[in-house]
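Coordinates in review
As a plain string of letters, each chain reads:
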Amino acid sequence: IQIRETIRAHIQKERQLYSQGIKVLSLFFIDEVAKYRQYDEDNNPVDGEYVQIFKEQYQLVLNEVLDLNLENDPYFDYLKTIEIDRTHNGYFSIDKNKRLHNPKIDSRSEEKQVSNDTDAYDLILKDKERLLSFEEPTRFIFSHSALREGWDNPNVFVICTLKHSDNVISRRQEVGRGMRLAVNKNGERMDANHFQGALGEIHKLNNLTVVTNESYKEFVSNLQSEILNTIQNRPTQATPE
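The following paragraphs examine the structure supplied in this document. Please read these numbers as outputs of a predicted model, since none were measured by experiment.

1. Examining a nonpolar patch on the surface
A cluster of nonpolar side chains, namely Ile227, Leu228 and Ile231, defines an oily patch on the protein surface of about 270 Å² accessible area. Overall, Ile227 belongs to the partly exposed group, its relative accessible area being 47%.

So this is what it looks like as structure tokens:
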């Protein structure tokens, strides 16, 4: 259900922003690398449980959306050109045998910051411009260690927490991965300068959706209360003083 709702939220946001030249990314925090990718006896990569679910649910949601296309909308043409197998990607640690491993289980690897797939690693961690172009089909990113590696991208609009934890610090960091001001395909920041001070438009565009389970309710409530307490003493009206 979480994977399906993440795809729906992604496409809803993407449809809204496509005409503005803003690439939408979604980030999955997963609990086990093996649920994204495994290897057979010949060391060939095999789709894990989450990838199988993602591909199934993506096709279902895509069919729903395309059935609504009653007009010649460039966004729907864009959707049709994207292959399911190429629109998701992941980056994880590997062991000395070049197999993906869960860094939580084996932290002794000398190569734990290196991805099994160099292209995926370079794309997600280094080449932000390519990742934010519409020519690059990757839109959904699966990660086990995005927090530890300090990865961030300004265009993460949807976060899905398949890695459940009650750790408040980790949750704050997860939310922080999506709390960025987006950029368009020309590298222009979607801030006050772009909207010429129209704060309502900034807030409407730079909106993060978090797809999670019920345990998140208390965290969200406490976080919002803390923010309100922090800013309650700020002046709401400019005076000479």
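From this point, the discussion proceeds with the structure in view.
2. A closer look at the nonpolar core
By size, the foremost hydrophobic cluster in this structure holds 38 residues, and its most contacted members are Phe28 and Phe54. Of all the secondary-structure elements, those providing two or more residues to this core are helix H1 (2–17), helix H2 (49–66), helix H3 (74–80), strand E5 (140–143), strand E6 (156–161) and helix H9 (199–205). At seven residues, the largest contribution of residues to this core is made by H2. Those residues within four positions of Phe28 in sequence are excluded, and the remaining contacts are Ile3, Thr6, Phe54, Phe140, Ile141, Phe142, Ser143, Cys160 and Leu162. With 16 residues, the next largest nonpolar core counts Leu25, Ile124, Ile141 and Val156 among its residues.

3. Here we look at the sheet that holds strand E7 (residues 209–211)
One open sheet accounts for five strands, arranged E4-E5-E1-E6-E7; its pairing is parallel. If you trace the sheet from one side to the other, it starts and ends with strand E4 (88–91) and E7, each paired once. Here the average twist between neighbouring strands, direction ignored, is 20°. Inspection of the sheet shows strand E1 (residues 25–29) paired to E5 by four bridges, in the parallel sense. Bridge pairing in E5 places Leu27 opposite Ile141. In this fold H1 packs onto E1, E5, E6 and E7, with an angle of close to 175° to the strand it touches most, E6.

4. Structural notes on the packing of H1 against H2
At a minimum axis separation of 9 Å, H1 and H2 run at an interaxial angle of 45°. Relative to H2, the element H1 is oriented oblique. Once H1 is placed against H2, the crossing between them reads as right-handed. For the pair formed by H1 and H2, the contact residues are Ile3, Arg4, Ile7, Arg8 and Ile11 on the first element and Tyr50, Ile53, Phe54, Gln57, Tyr58, Val61, Glu64 and Val65 on the second. The class makeup of the residues in the contact of H1 with H2 is nine nonpolar, one polar and three charged.

What counts and what doesn't
- Residues numbered from 1 in each chain as written.
- Predicted model: local features only at pLDDT ≥ 70, side-chain atom pairs only at ≥ 80, totals over all residues.
- Heavy atoms only, no water.
- Patch = residues over 30% accessible without salt bridge, like charges linked within 9 Å, V, L, I, M, F, W, Y side chains within 5 Å.
- Areas by Shrake-Rupley, 256 points an atom, 1.4 Å probe, with all protein chains shown as cover.
- Salt bridge = Lys/Arg side-chain N within 4 Å of Asp/Glu carboxyl O.
- Buried < 20%, exposed > 50% of the residue type's maximum accessible area, 1.4 Å probe, protein only.
- Core = buried A, V, L, I, M, F, W, Y, C linked by side-chain atoms within 4.5 Å.
- Helix = DSSP H or I, 4+ residues; strand = E, 2+ residues; numbered from the N terminus.
- Contact = heavy atoms within 4.5 Å.
- Pairing = 2+ DSSP bridges.
- Axes fitted to C-alpha atoms, helices over the stretch in contact; angles between N-to-C directions.
- Parallel < 35°, antiparallel > 145°, perpendicular 65-115°, else oblique.
- Left-handed = near helix turned anticlockwise from the far one by under 90°.
- Nonpolar A, V, L, I, M, F, W, Y, C, P; charged D, E, K, R; others polar.

By themselves these figures say nothing about function.
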